[in-house]
Each structure stands twice: as structure tokens, then as C-alpha cells.
Amino acid sequence: MNGRRLATLAFSLLAGVANVHAQALDTTLSLRGDAWSGSRQLDDAGAIARSSAWGRAKLSLGDAGRVVADAWVGVQTRDPQAGQRGVVRELYWRIDTGPLSWTLGRQMPVWGRADGLNPTDQLSPRDFTLLVPEDSEQRRGNQAVQAAADLGFGSLSVFWFPRAASHTIPLQAVPGVSVLREEPPRRSMTAVKLDLAGEGIDGSISYFDGSDPLPDLAVAGLSAGGLILSLRNQPLRVLGADLSLTHDGVVWRAEAAWMDTANSGPDDYTRKKPRLWLVAGAEWTLPGSTTLGLQASLQKVMDYRSPDSLADPVQREVAWRQAAIANQTSAHQFGLLWRLASRWRNDTLMAEMSGVIMSSPRSGLWRTRLTWSIDDHWQLLAGTDVYFGPPHSLWGQFRDNRLATVQLRRGW
């Protein structure tokens, strides 16, 4: 059953149980109409119109726990996937049994306390081609079993995923080149997280052993039609930690991860290399309902060797593309993230500017967002995304995805 049918079925089931369990059901629904200046497919599709329905529901079953569902259905013009889509982002059952809380079904766990870039966030796949104004809405869930225990001083969560899941990433079409997007490997994954909490401070230590949701790009072979490239999810292990501290009205955040891959050394350009990644910074509350966030990103890539060392021009170009996708275009990288947001008119109008700039080579993203809550039900959103940098860089490879958008939303 495809995603649209699953999402439609989820909405139908929720509507049915609402008639029987009106007092036990908590729902939110929004209908949206969007206009976009282009797509997120690295093409020249031109203006796109999109309409969608998004819903989330929680059904209490008393002592038997609760069921949570989150789904959307939508249609858009100039859609390479037949014009109609739908996704069940979450559909799980949660129950408390003594000291443990169990969650079974499609879940969307989010890890990391840094703002914007999260080295430890490897559990929920994203669709980076989806036209939505908020990055969090690109997420979708994966089937999992979760057991969580309250330890008093914190909590311990253990996840088991029957199989891996993959991000959906855009790749620019090149004449004579075809891309084979392989299915995620049919191997189970595990993840463990210990959350610690205190007065004004909280943090966590985590471990993930599974498949990298961000696939690697490599040459797969030649055919009569030209070059064949493959996108494949490779093994990944991540040991991470994060921290959030509030002091004198300032929120300090830090997140770090050691990411171990199956790369075989400096001459292996087909898989990501192991790396150490740290993101840290603070958020200040300024006069006039304004907040300012600044963060630094530091990365060390192990066994790095420039793809320019490859003699074959085809292999060299593919290796640079892979390095850009993996954000491993240099052995050392420094970056700066910022976010400035201000609210007016009793918090009904919010303007936000944010961005990131990375070194080696210099590339980044400049983003603007304006949100106007017209009344309790209607909301208007507008924004722009501007990518810059050379093609062989993390953000520069998305230059063709520079976009402007406006969305009208009706919520219940």
C-alpha cells in the first residue's frame, strides 16, 4: 500500500473512532495551500502550487495505553511522483507497565539539543525534496519498539528497529548518468539513550548502531545508456552526548558525536569517513520579544584525502559529489549558525532570519521566515531559502533549490 493510501486510511480510522471516543480523542488538523517559486529537486520546474491536509491525533485507551497517529495527504503541480502523495509519519501504541513504558509502531524520535545541526540525530529519516516551510515536517517515522524507564534522576530509552530507513535527497540530473537508489539494508538497528535532568540543566549520553540514514554516492558501473551511480546506506555507529544549561536567562547548548563508518582508509571515496563533530553555542533573550542564537560547528574528518588526487576525471567528479553530500570536503571544518527572531502585535506576528556558513570551502544558507497568526484558526506564512557556495560544497550543491514560498493555513 502506498503512502497516500496509508495516510488516507489513517485519517479515515481517526474520523471513525472520533464518533465513539469523542471524549478520549485529542486531534489537530490543518488544511494548507502553498505557492512555491520552484521545487527541491535541483531542477528548473518553475512555479509550483500545492495543497495538503495535515492531522495528528491521540486516542486514550485508559489502562490499555494510548494510540498516536500523525499523517498528511497532498497534491501539487509539476510533481515527479504522479502529483499525489501521502505519508503516515507516526502510528504507534504506547502503554505503561510498571516501571517501563513501551512504544510499538511507527515512531519519529528526535535526538539532540543543539539548534539546527544535530550530530546525534540519526533515528528519523527525512525527505529533503518535500515542499514544506518547516524543516521538522520533512521527517517521517520508522517502525520501532521502544522501552523507556524512569530512573528518578533521568530516564533510559532503548530502541530496536527491525530495518533501516533512508533520507530522500535530491540529485541533479546529468545527461548520460543514471542513479540507482538502493533500498535500505534489511538489517536491524539499535539505539540507547540516557537522559539526565537537574535544576536548570539537562543532558544525555547516546549510542546508535545501525545504518546511516544519509546514503553514500558511488560508481556502480556502465551500461549502454551511460554511467550508473548508486545511493547506498552504509553501516554507522554513533557515540554522542548533549547538554542544555540555563543561566542568567541565557540558554547554553552543546552536542558532540563520534561517528564511526565502514570506510577503509584515505583511498576509499565511496563511503563516509569517520569524524568527530561538535556544535555548541547560546541563545539570548533581547528587549522587544527578540531572541538571538549563535552556535559554532567544528568537525574533524579522519583519513581525509582530497578527491583531486584521483587521476580519472569521472571518479574524481563522483568523489567530490560524495564529499559534498557527506559534508566532508576538508579534513577540518569550522561553521557558524545564527538565528534572530522577533515577535510583535501580542505575538501574532513573528519574523525570523537564520542561516549557516561553513568553511573549506565557504558555503551556506540564508533563510527568512514571516508568520502571521490572523486569528485563532488562520495563519499566513512566507519565506525564502538562499543557498550559496561552489558546487562541490555541502550548501553550494543546492543552489538550484533557492526558493520563495507563501502558505495560507487553516487549523482546528
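Here's a quick rundown of the structure. Each chain has its residues counted from 1, running along the sequence as written. Confidence filtering applies because this is a predicted model: local features only for residues at pLDDT of at least 70, side-chain atom pairs given and counted only at 80 or more, and all residues used for totals across whole chains, interfaces and linings. Hydrogens and water are ignored here; the side-chain numbers use all heavy atoms of the structure.

Describing the overall build of the protein chain
Phase 1 of the analysis: The number of helices and strands found in the protein chain is two helices and 21 strands.
Phase 2 of the analysis: Taking 2.2 N^0.38 as the reference for a compact globule, 412 residues should give roughly 22 Å; the C-alpha atoms of the protein chain span a radius of gyration of 22 Å, in line with that estimate.
Phase 3 of the analysis: Summarising its shape, the C-alpha atoms of the protein chain cover approximately 70 × 50 × 50 Å along the three principal directions.
Phase 4 of the analysis: The buried label applies to any residue whose accessible area, calculated with a 1.4 Å probe on protein chains only, is under 20% of its type's maximum; exposed applies above 50%, and partly exposed to all values in between. In the protein chain, buried positions account for 45% of the 412 residues. Only DSSP runs of H or I reaching four residues or more are called helices, and only runs of E reaching two or more are called strands; each is numbered from the N terminus. This radius of gyration counts C-alpha atoms alone. The globule rule is 2.2 Å times how many residues there are, raised to the power 0.38.

Quick word on the pattern of salt bridges
Phase 1 of the analysis: By convention in these notes, a salt bridge is any Lys or Arg side-chain nitrogen within 4 Å of a carboxyl oxygen on Asp or Glu. Tallied over the full model, the rule gives 26 salt bridges.
Phase 2 of the analysis: Between Asp 195 and Arg 113 there is a salt bridge, with the nearest N and O atoms lying 3.3 Å from each other. Note that Asp 195 is positioned in strand E9 (residues 189-198) and Arg 113 in the loop between strand E5 (100-107) and strand E6 (142-150), a separation of 82 residues in sequence.
Phase 3 of the analysis: The closest approach of N and O atoms between Arg 369 and Asp 385, which form a salt bridge, is 3.2 Å. Here the residue Arg 369 occupies a position in strand E19 (residues 363-373), and Asp 385 occupies one in strand E20 (residues 378-388), the gap between them amounting to 16 residues.

Focus on the side chain of Ser 342
Phase 1 of the analysis: Assignment of secondary structure puts Ser 342 in strand E17 (residues 332-344).
Phase 2 of the analysis: Polar contact is the term for a pair of N or O atoms within 3.5 Å; when the atoms are in protein, one must be able to donate a hydrogen and the other to accept it, and sequence-neighboring residues count only if both atoms are side-chain atoms. A polar atom in the side chain of Ser 342 sits 2.9 Å from the side chain of Thr 290.
Phase 3 of the analysis: The contact rule is simple, with two residues in contact once any of their heavy atoms fall within 4.5 Å. Not counting residues up to four positions away in its chain, the partners in contact with Ser 342 are Gly 288, Ser 289, Thr 290, Leu 349, Met 350 and Ala 351.

Points about helix H2 (residues 313-326)
Each α-helix winds once per 3.6 residues, and so residues spaced three or four apart point in a common direction.
Phase 1 of the analysis: For a helix, the expected span equals 1.5 Å multiplied by the residue count minus one. Across its 14 residues, H2 extends 20 Å between first and last C-alpha, which sits within 8% of the 20 Å expected from 1.5 Å per residue.
Phase 2 of the analysis: Along H2, the residues that are buried comprise Val 318, Ala 319, Trp 320, Gln 322, Ala 323, Ala 324, Ile 325 and Ala 326.
Phase 3 of the analysis: Those residues of H2 that are buried lie in contact with strand E11 (216-223), strand E12 (226-232) and strand E15 (275-286).
Phase 4 of the analysis: Residue Asp 312 occupies the N-cap position of H2, its side-chain oxygen lying 2.9 Å from the main-chain nitrogen of Val 314.
Phase 5 of the analysis: At the exit of H2 stands Asn 327, carrying a positive phi of roughly 60 degrees.

Notes on the environment of Trp 277
Phase 1 of the analysis: With respect to the helices and strands, the residue Trp 277 is situated in strand E15.
Phase 2 of the analysis: Sequence separation between Trp 277 and Trp 36 is 241 residues; the distance between their C-alpha atoms is 34 Å.
Phase 3 of the analysis: With residues up to four places along the chain from it excluded, the contact list for Trp 277 reads Leu 117, Pro 119, Glu 255, Ala 256, Ala 257, Met 259, Ser 297, Leu 298 and Gln 299.
Phase 4 of the analysis: Polar contacts involving the side chain of Trp 277 include one to the side chain of Ser 297, which spans 2.9 Å.

Looking at the pairing of strand E21 (residues 403-411)
Phase 1 of the analysis: Of the two faces of E21, the one lined by Leu 403, Thr 405, Gln 407, Arg 409 and Gly 411 is fully buried and the one lined by Ala 404, Val 406, Leu 408 and Arg 410 carries no buried residue.
Phase 2 of the analysis: Pairing between strands is defined by DSSP: at least two bridges between the two strands are required. Summarising the sheet, E20 and E21 pair through eight bridges and their orientation is antiparallel. Note on E21: the bridge partner recorded for Gln 379 is Arg 409.

Some words on the environment of Gln 315
Phase 1 of the analysis: Following the sequence through the fold, Gln 315 ends up in helix H2.
Phase 2 of the analysis: For the pair Gln 315 and Tyr 269, spaced 46 residues apart in the sequence, the C-alpha separation amounts to 8.9 Å.

Considerations on the sheet that holds strand E8 (residues 177-181)
Phase 1 of the analysis: As summarised here, the arrangement of the three strands in space is E8-E12-E11, forming an open sheet in which the pairing is mixed. With partners counted over all chains shown, the strands left at the sheet margins are E8 and E11, one partner each. When strand polarity is set aside, the average angle formed by the axes of neighbouring strands in this sheet is 30 degrees.
Phase 2 of the analysis: Examined bridge by bridge, E8 and E12 share five bridges and lie parallel to one another. When the sheet's bridge partners are listed, Leu 180 is paired in E12 with Ser 230.
Phase 3 of the analysis: On the sheet, H2 packs against E11 and E12 and is oriented at approximately 150 degrees with respect to E11. Inter-axis angles, ranging from 0 to 180 degrees, are taken between N-to-C directions of lines fitted to C-alpha atoms, where helices are fitted over the stretch in contact.

Description of the environment of Arg 113
Phase 1 of the analysis: Given a relative accessible area of 21%, Arg 113 falls into the partly exposed group.
Phase 2 of the analysis: Here the alpha-carbon distance between Arg 113 and Gly 203, two residues 90 residues apart in the chain, equals 8.0 Å.
Phase 3 of the analysis: Side-chain polar atoms of Arg 113 contact the side chain of Asp 195, separated by 3.3 Å.
Phase 4 of the analysis: Separated by 2.6 Å, the side chains of Arg 113 and Asp 202 make a polar contact.

Brief notes about the pairing of strand E3 (residues 66-76)
Phase 1 of the analysis: Relative to E3, strand E2 (residues 48-60) is paired through eleven bridges, and the arrangement is antiparallel. When the bridges of E3 are listed, Ser 51 appears paired with Val 75.
Phase 2 of the analysis: In this structure, the hairpin formed by E2 and E3 is closed by a connection of five residues, where Gly 62 is found at a positive phi of approximately 70 degrees.

Some thoughts on the packing of aromatic side chains
Phase 1 of the analysis: Stacked, tilted and edge-to-face are the three classes applied to pairs of Phe, Tyr and Trp rings, where Trp contributes its six-membered ring and a pair requires centres within 6.5 Å; stacked means planes under 30 degrees apart, edge-to-face means over 60, and tilted covers the rest. The full count for this structure, using the stated rule, is seven aromatic pairs.
Phase 2 of the analysis: Between Trp 111 and Phe 159 the ring centres are 6.1 Å apart and the planes differ by 70 degrees, which places this aromatic pair in the edge-to-face class. In this pair, Trp 111 sits in the loop between E5 and E6 while Phe 159 sits in strand E7 (residues 154-161), placing the two residues 48 residues apart along the sequence.
Phase 3 of the analysis: Residue Phe 159 is classed as buried on the basis of its relative accessible area of 4%.
Phase 4 of the analysis: For the ring pair Tyr 387 and Trp 395, a centre distance of 6.3 Å and an interplane angle of 25 degrees mean the geometry is stacked.
Phase 5 of the analysis: On the basis of relative accessible area, Trp 395 is assigned to the buried category, the value being 14%.
Phase 6 of the analysis: By way of ring pairs, the aromatic residues Trp 111, Phe 159 and Phe 161 are connected into one cluster.

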